[in-house]
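# Coordinate inspection notes
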Amino acid sequence: MDLNIGIIGTGWFSKVHGDILAGMDRVRVAAVLGTSEAKAEAMAVRYPGARGYAGLTEMLDREKLDAVYICVPPMAHGEIESVLIERGIPFLVEKPIGTNMDIPTEISGKLQSKPLVHAVGYHFRYKATIQMMKERMAGQTLAMALGTWMGDMPQVSWWRRQEGSGGQFIEQTTHIVDLLRYLAGEVEEVYASYANRIVHTQFEQVGVPDVGTVTLKLRSGAIANISNTCALPGGVGEVGLKLYTGSGMLHWNPDRLDIVGTEESTSYKLGDNPYLKENEAFIHALRTGDTSGILSDYADALKTQRVTCAALESASTGKPVKIEN
Ligand SMILES: NC(=O)c1ccc[n+]([C@@H]2O[C@H](COP(=O)([O-])OP(=O)(O)OC[C@H]3O[C@@H](n4cnc5c(N)ncnc54)[C@H](O)[C@@H]3O)[C@@H](O)[C@H]2O)c1
């Protein structure tokens, strides 16, 4: 069966997904929705036969779409998901699922009442090295974890506005929080400190902090720290997660996994593409109804969102925030 996919958003990440989909067997990017017809059409020309739209209703009325990819900034979520759920159209939505808890909680409720095939774009879960870590952590006691997202500030204007992106911890570092939950279980309490150090002196209208450190207590009793900055110069940075157990250390970053213990020390550098696997799992689910390959659904992403939003609350109040799971 040929699948017709619509893509919402005409930015960088829409094209990443669109190009992967266009390279898949019997999958067509059939429509692109943008904030203007010109932007939508400029992207649609990448995909033979695809049409550009500036209105969601118009796109959904005129095209017979098997699924929609939602690749819009965090502040633009809500109506799109609601309309797709109402019409029963499966979707893959990019992370984060919102800038706060309001819209994500509402959408999660709607999905519970009217379930459909869907996925959330926490793509690192699909990395082979993350799957190796997950296997190794089964039956192991995590002592503690350290995570980082240290980089520069993305140059899209919505990112530097608190109400546009939710800030770095909600927008970007959410990947590391999500991996921590995936590998080590639920978070019960967070305590965060954020500050504005450098970026607001370099760019106009920066409303988001550029450094933050978050202490997390896990339900298992393990503790973790996840820190981030967007104050580094472009091209310099580090992203990763380190797990410490009684057997040794698992040091992960998107390019490699180092396993360091008394009995073994091994490095894995695998060039697998997690975006491809994520898309394959979603397309397989559309074709067969088998969603077992989808590693992040909305209810699970909501738990990650709850942790990142609790960190923002803690940084604002100066107090630890308990998380009900
Ligand atoms: N999983 C990942 O690794 C990954 C990587 C990059 C981006 N992302 C996520 O993807 C999302 C988009 O990021 P990006 O880098 O493509 O941003 P971008 O700014 O390059 O593109 C966003 C696009 O959305 C459009 N848009 C905004 N509101 C819209 C609406 N209501 N309807 C239709 N289009 C709308 C904008 O015009 C723009 O074309 C973000 O949430 C980001 O976190 C995920």
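Residues numbered from 1 in each chain as written. Predicted model: local features only at pLDDT ≥ 70, side-chain atom pairs only at ≥ 80, totals over all residues. Heavy atoms only, no water.

Taking an unreviewed UniProt entry as the reference, the protein is identified by name as Gfo/Idh/MocA family oxidoreductase belonging to Paenibacillus faecis.

### A look at the overall build of the protein
Rules: Going along the chain from the N terminus, every DSSP run of H or I of four or more residues is numbered as a helix, and every run of E of two or more is numbered as a strand. Note on method: radius of gyration uses C-alpha positions; expected globular size equals 2.2 Å times residues raised to 0.38. A simple rule labels every residue: compare its accessible area, found with a 1.4 Å probe on the protein chains alone, to the largest value its type can have, and call it buried under 20%, exposed over 50%, or partly exposed in between. Contacts are assigned to residue pairs that have any heavy atoms within 4.5 Å of one another. Surface accessibility follows the Shrake-Rupley procedure with a 1.4 Å probe radius. Residue values consider only the protein chains on display as shielding. Think of it this way: Lys and Arg go in the positive column, Asp and Glu in the negative one, and His and the chain ends go nowhere. By convention, the point assigned to a charge is CZ for Arg, NZ for Lys, CD for Glu and CG for Asp.
When helices and strands are tallied, the protein shows 12 helices and 15 strands. By the compact-globule yardstick of 20 Å for 325 residues, the protein fits well, its C-alpha radius of gyration being 20 Å. Oriented by its inertia axes, the alpha-carbon framework of the protein measures out at about 60 × 45 × 40 Å. Across the 325 residues that make up the protein, the buried fraction comes to 53%. Sequence separation of at least 24 residues holds for 69% of the intrachain contacts in the protein that already meet a minimum separation of 6. If you sum the accessible surface of the protein, you get close to 14500 Å²; carbon and sulfur atoms cover 52% of it. Considering the protein, the positive charge centre built from 31 side chains and the negative charge centre built from 38 side chains are found 1 Å apart.

### Here's the deal with the packing of aromatic side chains
Stated formally: When two rings of Phe, Tyr or Trp (its six-membered ring) have centres within 6.5 Å they constitute a pair, described as stacked for plane angles under 30 degrees, edge-to-face for angles over 60, and tilted for the intermediate range.
Applying the stated rule across the entire model yields six aromatic pairs. Pairing Phe13 with Tyr275 gives two aromatic rings, centres 5.2 Å apart and planes at 70°, and the pair type is edge-to-face. Of this pair, Phe13 sits in helix α1 (residues 12-22) while Tyr275 sits in helix α11 (residues 274-288); the two residues are 262 residues apart in sequence, bridging distant segments of the chain. The partly exposed category is assigned to Tyr275, whose relative accessible area is 22%. Their ring planes at 45° and their centres at 6.4 Å tell us that Phe169 and Tyr194 sit as a pair that is tilted. Taken as a pair, Phe169 in helix α8 (residues 168-171) and Tyr194 in strand β8 (residues 187-195) lie far apart in primary sequence, 25 residues in all.

### Some thoughts on the UniProt feature "domain: GFO/IDH/MocA-like oxidoreductase" (unreviewed entry) in the protein
Condition: UniProt positions are given in the numbering used here, feature names are shortened, and annotations may be inferred rather than shown by experiment.
Here, the residues flagged by UniProt with the feature "domain: GFO/IDH/MocA-like oxidoreductase" (unreviewed entry) are residues 147-263. Counted over residues 147-263, helix gives 20% and strand 41%. Its end C-alpha atoms are 25 Å apart.

### Observations concerning the site of the ligand
Rule in force here: Nearness of a residue to a molecule or strand requires only that one of the residue's heavy atoms be within 4 Å of it. Two N or O atoms count as a polar contact when they lie within 3.5 Å, although within protein this holds only if one can serve as hydrogen donor and the other as acceptor, and sequence-adjacent residues are included solely when both atoms are side-chain atoms.
Near the ligand, the surroundings consist of 23 residues, among which Thr10, Lys95, Trp158, Glu171 and Tyr275 are the closest. Within the backbone of Trp12, a nitrogen or oxygen atom sits 3.2 Å from an oxygen atom of the ligand. Take Val72: an N or O atom from its main chain is 3.3 Å from an oxygen atom of the ligand. For the ligand, the accessible surface in isolation is 850 Å², of which the surrounding protein chains cover 84%.

### Considering the side chain of Asp210
Here is the rule we go by: Here, a salt bridge means any side-chain nitrogen of Lys or Arg that lies within 4 Å of a carboxyl oxygen of Asp or Glu.
With respect to the element layout, Asp210 can be found in the loop between α10 (199-202) and β9 (211-218). Salt bridges are absent for the buried Asp210, whose nearest opposite-charge side chain, Arg197, sits at 6.3 Å. At 2.7 Å, the side chain of Asp210 forms a polar contact with the backbone nitrogen of Arg197. Contacts of Asp210, omitting those with residues within four sequence positions, involve Gln168, Ala195, Asn196, Arg197, Ile198, Val199, Asn228, Thr229, Cys230 and Ala231.

### Examining the UniProt feature "domain: Gfo/Idh/MocA-like oxidoreductase N-terminal" (unreviewed entry) in the protein
The UniProt entry lists residues 3-117 under the feature "domain: Gfo/Idh/MocA-like oxidoreductase N-terminal" (unreviewed entry), expressed in the numbering used here. Between the first and last C-alpha atoms of residues 3-117 the distance is 14 Å; the span itself is 41% helix and 20% strand.

### So, a nonpolar patch on the surface
Applicable threshold: Patch membership is restricted to residues that have no salt bridge and whose relative accessible area is over 30%. Joining uses 9 Å for like charges and 5 Å for the nonpolar side chains Val, Leu, Ile, Met, Phe, Trp and Tyr.
Together, Met144, Leu146 and Ile223 line one region of the surface with nonpolar side chains, adding up to about 220 Å² of accessible area. Given a relative accessible area of 34%, Leu146 falls into the partly exposed group.

### Section: the sheet that holds strand β1 (residues 3-8)
How we decide: A pair of strands is labelled paired if DSSP reports no fewer than 2 bridges between them. Every axis in this analysis is a line fitted to C-alpha atoms, fitted for helices over the stretch in contact. Angles between the N-to-C directions lie between 0 and 180 degrees.
The strand order across the open sheet formed by six strands is β3-β2-β1-β4-β5-β6, and the pairing between neighbours is parallel. Taken across any chain shown, the strands that pair with only one partner, and hence form the sheet edges, are β3 (51-53) and β6 (118-120). Adjacent strand axes in the sheet meet at a mean angle of 20°, parallel and antiparallel pairs treated alike. Pairing geometry for β1 and strand β2 (residues 27-33), over six bridges, is parallel. Across the sheet, Gly6 pairs through a bridge with Ala31, a residue of β2. Contacting β1, β2, β4 (67-70) and β5 (91-93), α1 crosses the sheet at an angle of about 170° to β1.

### Points about the pairing of strand β10 (residues 223-229)
With six of seven residues buried, β10 lies mostly within the body of the structure. With seven bridges connecting them, β9 and β10 associate as antiparallel partners. Its bridge partner lying in β10, Lys217 is registered against Ile223. Between β9 and β10, which pair antiparallel and follow one another directly, the connecting turn spans four residues, one of which, Gly221, has a positive phi of 105°.

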